[in-house]
Amino acid sequence: MENQITKDIIIFDGECNLCNGVVGWLLKFAPEDLFQFVAFQSSYGQELLKQHGFPTEQLDTVILIDEHGVKTHSDGFLKIIAKIPKWKRVAALLAFIPRMIRDFIYKTASKNRVKWFGQSSSCTIDFSK
């Protein structure tokens, strides 16, 4: 029974321009075999959200699923960044900021992301999975 995660899964809002931009940045800088990107609007994204107890109507955080479990908000974002060799030190420095402050900034950006960056009807990631 082989149910091990081979790539870390990142669930994101595929209709959010900011989220698509971050995914594009990750595609450019992260090692190719590191992440599997899944838009929450896709059937696979919906399945993963249900499986891990998240609401399926909307997404207000990036979700990282790796061999250690599930991370969200600023912890998830920093864990993602820390997995990219060139950005590991930046993530380590940002981790010194108390989580309460990091999450306040993260949640403020998440709440205003569509207003600030817009929304798209398409995604940079293929929904086929």
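Residues numbered from 1 in each chain as written. Predicted model: local features only at pLDDT ≥ 70, side-chain atom pairs only at ≥ 80, totals over all residues. Heavy atoms only, no water.

The next thing to look at is unusual backbone geometry. Backbone geometry places His73, a non-glycine residue, at a positive phi of 55°. Along the chain, the position of His73 falls in helix α3 (residues 73–82). (Helix = DSSP H or I, 4+ residues; strand = E, 2+ residues; numbered from the N terminus.)

Glancing now at the layout of surface pockets. Considered as a void within the structure, the largest pocket measures approximately 540 Å³ in volume. In terms of lining, the largest pocket is formed by 24 residues, of which the most central are Leu18, Val62, Phe77, Tyr106 and Ala109. For the lining of the largest pocket, the secondary-structure elements that each account for two or more residues are β1 (8–12), α1 (17–29), α3 and α5 (99–117). Sorting elements by how many residues they give to the lining of the largest pocket places α5 first, with 6 residues. Looking at side-chain class alone, the lining of the largest pocket contains 17 nonpolar, 3 polar and 4 charged residues. (1 Å grid on protein atoms, 1.4 Å probe; cavity = no way out; pocket = protein on both sides within 12 Å on 5 of 7 lines; lining within 4 Å. Points joined across faces, edges and corners; volume = space filled by probe spheres on them. Nonpolar A, V, L, I, M, F, W, Y, C, P; charged D, E, K, R; others polar.)

What follows is about the sheet that holds β1. On the basis of which strands lie adjacent, the open sheet formed by 4 strands has the order β2-β1-β3-β4 and mixed pairing. Strands at the two margins of the open sheet, each flanked by one partner only, are β2 (35–39) and β4 (69–72). Strand after strand, the sheet turns through a mean of 20° between neighbouring axes, direction not considered. Taken together, the 3 bridges between β1 and strand β3 (residues 63–66) define a ladder with antiparallel strand orientation. Counterpart to Ile11 in the pairing with β3 is Ile63. Of the strands in this sheet, β1, β2, β3 and β4 touch α3, which is tilted by about 110° from β4. (Pairing = 2+ DSSP bridges. Axes fitted to C-alpha atoms, helices over the stretch in contact; angles between N-to-C directions. Contact = heavy atoms within 4.5 Å.)

Across the protein chain, the average pLDDT comes to 86, with 88% of residues at 70 or higher. Within the protein chain, the element-level pLDDT minimum falls on α1, averaging 86, and the maximum on β3, averaging 96. (pLDDT = per-residue confidence, 0-100.)

Counted according to the given criterion, the structure contains 6 salt bridges. Where Arg113 meets Asp13, a salt bridge forms, and the shortest distance between an N and an O atom there is 2.9 Å. Of this pair, Arg113 sits in helix α5 while Asp13 sits in the loop between β1 and α1, placing them 100 residues apart in sequence. Comparing Arg113 with Asp13 shows no difference in burial state: the two are buried. Taking the shortest distance from any N to any O, the salt bridge between Arg102 and Asp75 comes out at 3.0 Å. Here the residue Arg102 occupies a position in helix α5, and Asp75 occupies one in helix α3, the gap between them amounting to 27 residues. Where salt bridges share partners, they join Asp8, Asp66, Lys79 and Lys83 into one cluster. (Salt bridge = Lys/Arg side-chain N within 4 Å of Asp/Glu carboxyl O. Buried < 20%, exposed > 50% of the residue type's maximum accessible area, 1.4 Å probe, protein only.)

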